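Structural description and commentary
Take a look at the letters that make up each chain.
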There are 4 protein chains.
Amino acid sequence: MADIGQEEDFEAARQKALKIGATKYVLVDVRREFVEQQCFPAVQTNAIYENVYLLGTSLARPVIAKAQISVAEQEGCFAVSHGCTGKGNDQVRFELAFYALKPDVKVIAPWRLPEFFNRFEGRSALLAYAEEKGIPVTQTKAKPWSTDENLAHISFEAGILEDPDTTPPKDMWKLTVDPTDAPQTPEDFTVQFEKGLPVKLTYTKDGQTVSVTDPVELFLTANAIARRNGVGRIDIVENRFIGIKSRGCYETPGLTLLRTAHIDLEGLVMDREVRALRDQFVTPAYSRILYNGMYYSPEGEYVTSMIAPSQISVNGQVRVRAYKGNTIILGRSSETEKLYDATESSMDEIGDFQPTDTTGFIAVQAIRLKKYGETKLGK
Amino acid sequence: MADIGQEEDFEAARQKALKIGATKYVLVDVRREFVEQQCFPAVQTNAIYENVYLLGTSLARPVIAKAQISVAEQEGCFAVSHGCTGKGNDQVRFELAFYALKPDVKVIAPWRLPEFFNRFEGRSALLAYAEEKGIPVTQTKAKPWSTDENLAHISFEAGILEDPDTTPPKDMWKLTVDPTDAPQTPEDFTVQFEKGLPVKLTYTKDGQTVSVTDPVELFLTANAIARRNGVGRIDIVENRFIGIKSRGCYETPGLTLLRTAHIDLEGLVMDREVRALRDQFVTPAYSRILYNGMYYSPEGEYVTSMIAPSQISVNGQVRVRAYKGNTIILGRSSETEKLYDATESSMDEIGDFQPTDTTGFIAVQAIRLKKYGETKLGK
Amino acid sequence: MADIGQEEDFEAARQKALKIGATKYVLVDVRREFVEQQCFPAVQTNAIYENVYLLGTSLARPVIAKAQISVAEQEGCFAVSHGCTGKGNDQVRFELAFYALKPDVKVIAPWRLPEFFNRFEGRSALLAYAEEKGIPVTQTKAKPWSTDENLAHISFEAGILEDPDTTPPKDMWKLTVDPTDAPQTPEDFTVQFEKGLPVKLTYTKDGQTVSVTDPVELFLTANAIARRNGVGRIDIVENRFIGIKSRGCYETPGLTLLRTAHIDLEGLVMDREVRALRDQFVTPAYSRILYNGMYYSPEGEYVTSMIAPSQISVNGQVRVRAYKGNTIILGRSSETEKLYDATESSMDEIGDFQPTDTTGFIAVQAIRLKKYGETKLGK
Amino acid sequence: MADIGQEEDFEAARQKALKIGATKYVLVDVRREFVEQQCFPAVQTNAIYENVYLLGTSLARPVIAKAQISVAEQEGCFAVSHGCTGKGNDQVRFELAFYALKPDVKVIAPWRLPEFFNRFEGRSALLAYAEEKGIPVTQTKAKPWSTDENLAHISFEAGILEDPDTTPPKDMWKLTVDPTDAPQTPEDFTVQFEKGLPVKLTYTKDGQTVSVTDPVELFLTANAIARRNGVGRIDIVENRFIGIKSRGCYETPGLTLLRTAHIDLEGLVMDREVRALRDQFVTPAYSRILYNGMYYSPEGEYVTSMIAPSQISVNGQVRVRAYKGNTIILGRSSETEKLYDATESSMDEIGDFQPTDTTGFIAVQAIRLKKYGETKLGK
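The name that an unreviewed UniProt entry assigns to chain A is Argininosuccinate synthase, with the source organism given as Tortispora caseinolytica NRRL Y-17796. UniProt annotates chain A under Subunit (unreviewed entry) with the comment "Homotetramer." Note on chain A: under the UniProt heading Pathway (unreviewed entry), the record states "Amino-acid biosynthesis; L-arginine biosynthesis; L-arginine from L-ornithine and carbamoyl phosphate: step 2/3."

Shown next, in the form of structure tokens:
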């Protein structure tokens, strides 16, 4: 079992595992790796799937799969298993990671074995079976959906959410306060980045200014701020890798804050063309690779190599406000990067700028467009 | 002068123009064209620049330029003029549009004429001159920034905003209520789309359910809802076409709501691959073309031709909530489109789906990845 | 059976089919559809896979599948079949087309049925069986490879070609003369295009200038010219859709000539930015869609809609030389398109061009680069 | 003056320079840097502009500009100059490189100075002046075009070539034998690559097998083979950065051979998805950056960082044939890379491959397409 930051009673999980027949229970703490190796690169790339989903589940899978294979190697296992359904993304993500990390491994996926799926048609049937056998489960009639949780996010899907026009009940959400219940007073904080990585988060606690720099602690602090201010909820109908559409609701509190701050800082310090190339090619490629479970792959490795060179200049700090679901940018600055030059852009002084240069710039750009215009008029 | 929806006293503008020497004042109402030809395609393409800016000013320029050229043709003018500075985007947008629409036109750009820029170094000098000559201007010492307004948005830049770490004063914002002052009660409404175009907005007014369908009225209604709920503020450091970074603050109330709803509906009704192609190629190309003032160009025409074929299936309605700066999706549905199939994605039933098919799908995807894994292990 | 232009004895095929148990033999002539609906759009998009392969087989599959489904509908069939192996692209291409055109169809793919593949391990076993049963087959010990032929191309793979370092024997090639045996005298001809489509091919026959305009006749003429001059051979190791690498040798005579001429004409008449967008997005997307068998798909339809708008200005003629494997451009012209302007580009006259404009153009482009240089020097 | 491999009498150039007023003549040998830093990365990226042009001139400019700035620094110059016209690409390439390498440099571009262009309208006027003043020049009435030459290529443009329908005269071409005059016997050779770089070229000389490994010698050998076999001619109408179309004829002998061999090897050893990403994003971005003179830029540096990670597996050798203008691949192999597996792709054996897996793969791919088909039929 992986401790990837989910709010879970691991001792209860251990007992349950042993009770239902496991010969051994192994718990691996992958929280730090998850934050440093997955969540932070996601911040650096502004990773997002289909304009909305911040990939909270996708980010966790490579880390869990790697830990699982590591334990399998230690324990001398020839096979690994997972409990994902046969219709989802996670089976693909886990198995492709397993095969990439241990190509000769055998994968046992009960949900896709006829002896299993012919007996249990779906989660309802399984819940009934669990109840009958006295196996404790999280999904209940009171919570008619499925969840996946980690340090960065929680997902809700299936059950009553399968009707995409059903608004999730207020008590479904877990990792964030409802915006309507969040404080009336905005909460301001500052995130400092070095090479695109969050390195310091400064906020006010009990009237004191506090800074955190440890990656895990920083991420947890971002989570806490976002959580109490209702930041990070998503509701989406998305396209799964296997070609099925599904509806998911997600909470990604801290990642939402950090990603928004990172995007803002890039405006101040990143070259336009580098950013355009990164935005058009690296961000969607990296996001799709993560979503489709191709993190451990030649293209995963290739696109990952494009992150650091894009972030060399992403140094500075962003002042951010969280307020009732909003992430509001208050200002940004950098002590080292000089691409922004207030004098240069100023409408109040000319500086080194030669206004006549722009005349030439426009004239050259217009060469093609005048021909276009002449062609249109000639028609 | 173009009436593109800015909140302006046109009669005062007319008098001012004639007073300072204009021989004739022509006012053209381009609001409908602006909404139908520019704002709605922006919704259809989810247009956005550098992840944040909704292109409110960029969208207006082609419409204004076209109207200006049209008047120039009517009046027999050989030249047109504009008041944009020599460092910004708008000079480029206006002039490229002028040249495309009337290739033989002469453009007079005072800010780039030596006799002008040698006399007035910047806006401050101009404000002083205006004061001296009794010419009324909007930008004052009390409002130390420059604005551009239209039916979709207002921009604020220059002046005190040139320090990118200065938080805009609360009284700068004009088209939206401050989120902290917005109502405590969320406001729900429904937007219906046909082929990606908003065709009906239904909301509650004085306890009555009201629907608007006229494009301009619909857009103004979206503006009003967003405005009173504090939706649509942006603060960004962006990269101008001429290679200078500048800081801008924007309010784009209704467009923010409509764009968010449109993105959500696409999740329900659009094919995954069409969406991926549109997202990666059409959205950034269309946005960059608009930002750089290339709307009237071969590539502008080409990319525009890619919009309608992407929106054939974007039919349905989205239930949306505006609340203190947030745009929250409550649900979505479509009577005509069938790509989403709750049974198919359900974890509670198998349906036609053969779980063993996924085994084959994963096995084939794994061919490459196993080779990758073997290569990595072999090293 | 589809007559898609392969050099085949259809009567022998009919007899063979009936002899080995077919209850009915249907032959459909799809040559015109193949040329007009597949080969010509491939010319318009300059379609190519992995820099080398002109997609000769991929182009044929949609047309054959469509005809097959059409016959299946007429004959009231609930199932269709194909003889593709379980490791290749063609099974995917046929079946995805079948499912898109007739979603409820059942596909029988013997090579993937255990009762079949457990009995016959590969082509060798099948050849032995065919010999035993007296079934005539093309692939023999004298021709130890597999071929697929149509009006545009022939492929050779498998057998001795599976060693990617084995040079194909000279007598393998079928649709083109060996370049070393081709005539010593170059053959010149002219291709005229309208909206990117070849509409007239003019060449010399027995000392007479001859023009062909019918699409099929034009394509066959291009084939004949290329064939006798040794044009159109390819040898490649490519990546199949299912993730396996395979080696293929191809002859695509006429398509090679027409594609090269089309690319050349686009240089003369197509706007730079439209071409760049088409080259970077449409050409690879269209090619990948074809290669992966996704022609009948939402994205296939979407990308197809992007072809015509890109070809509006592709009108003119190209003078071409075929010579011992080479396609050499001799010149190009257009009576209608005016983007090329010899005066404008001339180094011998200034024309309307203001050299000082370029100074401004460069100065503006240099804004970013000077900052870059300063940053580099400062480090 | 830079010795970048052009076939030039440097002593004559020196005398000419001093005679017409230069105070000092400096010659810098940049051939090795040109091959290693520019030509080889172009091979690694398969760089190409508008499908045809191998960027021979573009590749040379950064190297020349860097050497010029280096001399300027040594000599304490505050300004540099170049002789490019005001309508072309090279002025942009030189000047942007100058500004990036020495942001405070002053650039003197005589062709864009009014006192110059008002006196000399074009090359003809200059040739007349040179004749009058007794200044020796290369372009003559017998050679009515302009050339630019380096170790990798020569360009011909302007003069009689400005009519794009004029076939270049046979005696214009300089660096390659006319294909019709090339030997009747093909010439075979082998190129070995490590990480995408050509490291050994083996060919037959006087009946002996000879290998060259030094980069410059290897490149010159490739040039020699291509030259005598008529390989590497191009005739194109291209789009200049400043928006003008121009016609150019180019000879790029060795680079054509090496690039073709490199593309072929990538088929054998490169992962499909890495290649697809590289082909769609890196190759066009790198090529456009080079063409537009942005080599020394943030994006130039960024895209350059994407080359090496793509070439890790590009190890192996390609057997190539040059014959009368053709570059023919005879075979390829790799001792270290194992992505190609003849058994796996074989149609003669099943190997580890489960044919039923493909059934599942196709079934999952068909989910979307069946829905598409149903939608089409329902309409």
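On we go from here.
A count of helical and extended segments in chain A gives 13 helices and 13 strands. For chain A, the spread of C-alpha atoms along the three principal axes comes to 80 × 65 × 45 Å. Going through the 379 residues of chain A one by one, you find that 60% of them count as buried. Summarising the internal contacts of chain A: among those between residues at least 6 apart in sequence, 68% fall at separations of at least 24. With an accessible surface of roughly 14,300 Å², chain A has 51% of that area assigned to carbon and sulfur atoms. Taking the average place of the 44 positive charges on the side chains of chain A and the average place of its 52 negative ones, the gap between the two points comes to 4 Å.

Our next topic: the pairing of strand β6 (residues 154–157) of chain A. Residues and elements named next belong to chain A. Going residue by residue along β6, you find Ile154 and Phe156 tucked away on one face and Ser155 and Glu157 tucked away on the opposite face as well. Where strand β5 (residues 146–149) folds back onto β6 in an antiparallel hairpin, the turn is made up of four residues. Relative to strand β11 (residues 245–251), β6 runs antiparallel, the two being bridged by four bridges. When the sheet's bridge partners are listed, isoleucine 154 is paired in β11 with glutamate 251.

Attention now goes to the sheet that holds β5(A). Pairing between the strands of a sheet comes from backbone hydrogen bonds, and it takes one of two forms, parallel or antiparallel. All names here are of chain A. Here we have four strands laid out as an open sheet, ordered β5-β6-β11-β10, and antiparallel in their pairing. Strand pairing shows two members of the sheet lacking a second neighbour, β5 and β10 (233–239), which therefore form its edges. Direction aside, the axes of adjacent strands within the sheet are offset by 25 degrees on average. Direction of pairing for β5 relative to β6: antiparallel, over a ladder of four bridges.

In this section: the relation of the copies chain B and chain C. Placing chain B over chain C gives an RMSD of 0.0 Å and needs a rotation angle of 180 degrees, together with 0.0 Å of translation along the axis. When the rotation and shift are considered jointly, the pair of chain copies conforms to a two-fold rotation axis.

Now for the interface of chain A and chain B. Listed per partner, the contact involves 108 residues of chain A and 107 residues of chain B. Across the interface of chain A and chain B, roughly 9,500 Å² is buried in total on both sides, 56% from carbon and sulfur atoms. At the junction of chain A and chain B, the tally comes to 10 salt bridges. The partner of Arg332(B) in a salt bridge is Asp235(A), and the shortest N-O contact between them spans 3.0 Å. Here chain A is connected to chain B by 42 residue pairs in polar contact (both at pLDDT 80 or more). Sort the elements by how many residues they give to the side of chain A that touches chain B and helix α13 (residues 355–378) of chain A lands first, with 16 residues. Looking at the side of chain A that touches chain B residue by residue, the classes come out as 46 nonpolar, 31 polar and 31 charged.

Let us now look at the UniProt feature "domain: Arginosuccinate synthase-like N-terminal" (unreviewed entry) in chain A. According to UniProt, the positions carrying the feature "domain: Arginosuccinate synthase-like N-terminal" (unreviewed entry) are residues 1–136 of chain A. With 53% helix and 7% strand, the stretch residues 1–136 of chain A has end C-alpha atoms that lie 17 Å from each other.

Along its sequence, chain A is organised into domain 1 (2–340) and domain 2 (352–378). Each of domain 1 of chain A and domain 2 of chain A has a C-alpha centre, and these two points are 48 Å apart.

Here we come to the packing of aromatic side chains. All names here are of chain B. Going through the model one piece at a time under the given rule, you end up with 48 aromatic pairs over all chains. Ring centres of phenylalanine 94 and phenylalanine 98 lie 6.0 Å apart, and the angle between their planes is 25 degrees; on these two criteria the pair is classed as stacked. Taken together, the residues phenylalanine 94 and phenylalanine 98, both in helix α4 (residues 90–101) and four residues apart, mark about one turn of the helix. The residues phenylalanine 94 and phenylalanine 98 share a single accessibility class, namely buried. Seen from their ring centres, phenylalanine 116 and phenylalanine 120 are 5.3 Å apart, and the 50 degrees between their planes marks the pair as tilted.

When chain A is fitted to chain B, the residual RMSD is 0.0 Å, and the transformation amounts to a turn of 180 degrees plus an axial shift of 0.0 Å. Both copies share a contact surface, since 99% of the interface residues of chain A are interface residues in chain B too.

A separate point is the pattern of salt bridges. Two side chains that carry opposite charge are able to pair once their charged atoms sit near each other. Inspection of every chain in the model, using the stated rule, returns 133 salt bridges over all chains. Between Glu95(A) and Arg112(A) there is a salt bridge, and its shortest N-O distance comes to 2.8 Å. Note that Glu95(A) is positioned in helix α4 (residues 90–101) and Arg112(A) in the loop between β4 (106–108) and α5 (114–117), a separation of 17 residues in sequence. This pair shows no difference in class: Glu95(A) is buried, exactly as Arg112(A) is. Close ionic contact of Glu187(B) with Arg228(B) constitutes a salt bridge, the shortest N to O distance being 2.7 Å. One end of the pair, Glu187(B), is in strand β7 (residues 187–194); the other, Arg228(B), is in helix α7 (residues 215–228), and 41 residues separate them in sequence. Looking at Arg228(B), the relative accessible area reads 34%, which means it is partly exposed. What emerges from the salt-bridge pattern is a single network uniting Glu50(A), Glu266(B), Arg275(B), Arg278(B) and Asp279(B).

Right, let's talk about the pairing of strand β9 (residues 208–212) of chain D for a bit. Residues and elements named next belong to chain D. Note: strand β8 (residues 197–205) against β9, five bridges, orientation antiparallel. Within β9, the position partnered with threonine 204 by the bridge is threonine 209. As consecutive antiparallel partners, β8 and β9 are separated by two residues, and within that stretch aspartate 206 has a phi angle of approximately 55 degrees, a positive value.

A few words on the environment of Asp214(A). Residue and element names in this part refer to chain A. Residue position: aspartate 214 is located in the loop between β9 (208–212) and α7 (215–228). For aspartate 214 and threonine 260, which are 46 residues apart along the polypeptide, the C-alpha to C-alpha distance reads 20 Å. Here arginine 32 takes part through its side chain, which lies 2.9 Å from a polar atom of the side chain of aspartate 214. Reaching out from aspartate 214, the side chain makes a polar contact with the backbone nitrogen of valine 216 at a distance of 3.2 Å.

What counts, and at which threshold
- Residues numbered from 1 in each chain as written.
- Chains lettered and ligands numbered in written order.
- Predicted model: local features only at pLDDT ≥ 70, side-chain atom pairs only at ≥ 80, totals over all residues.
- Heavy atoms only, no water.
- UniProt positions renumbered as here; feature names shortened; annotations may be inferred.
- Helix = DSSP H or I, 4+ residues; strand = E, 2+ residues; numbered from the N terminus.
- Buried < 20%, exposed > 50% of the residue type's maximum accessible area, 1.4 Å probe, protein only.
- Contact = heavy atoms within 4.5 Å.
- Areas by Shrake-Rupley, 256 points an atom, 1.4 Å probe, with all protein chains shown as cover.
- Lys, Arg positive; Asp, Glu negative; His and termini not counted.
- Charge placed at Lys NZ, Arg CZ, Asp CG, Glu CD.
- Pairing = 2+ DSSP bridges.
- Axes fitted to C-alpha atoms, helices over the stretch in contact; angles between N-to-C directions.
- Least-squares fit on C-alpha atoms with pLDDT ≥ 70 in both.
- Buried area = accessible area lost by both parts, 1.4 Å probe.
- Salt bridge = Lys/Arg side-chain N within 4 Å of Asp/Glu carboxyl O.
- Polar contact = N/O pair within 3.5 Å; in protein donor to acceptor, adjacent residues only side chain to side chain.
- Nonpolar A, V, L, I, M, F, W, Y, C, P; charged D, E, K, R; others polar.
- Domains from an automatic or database assignment.
- Phe/Tyr/Trp six-rings, centres within 6.5 Å; stacked < 30°, edge-to-face > 60°.

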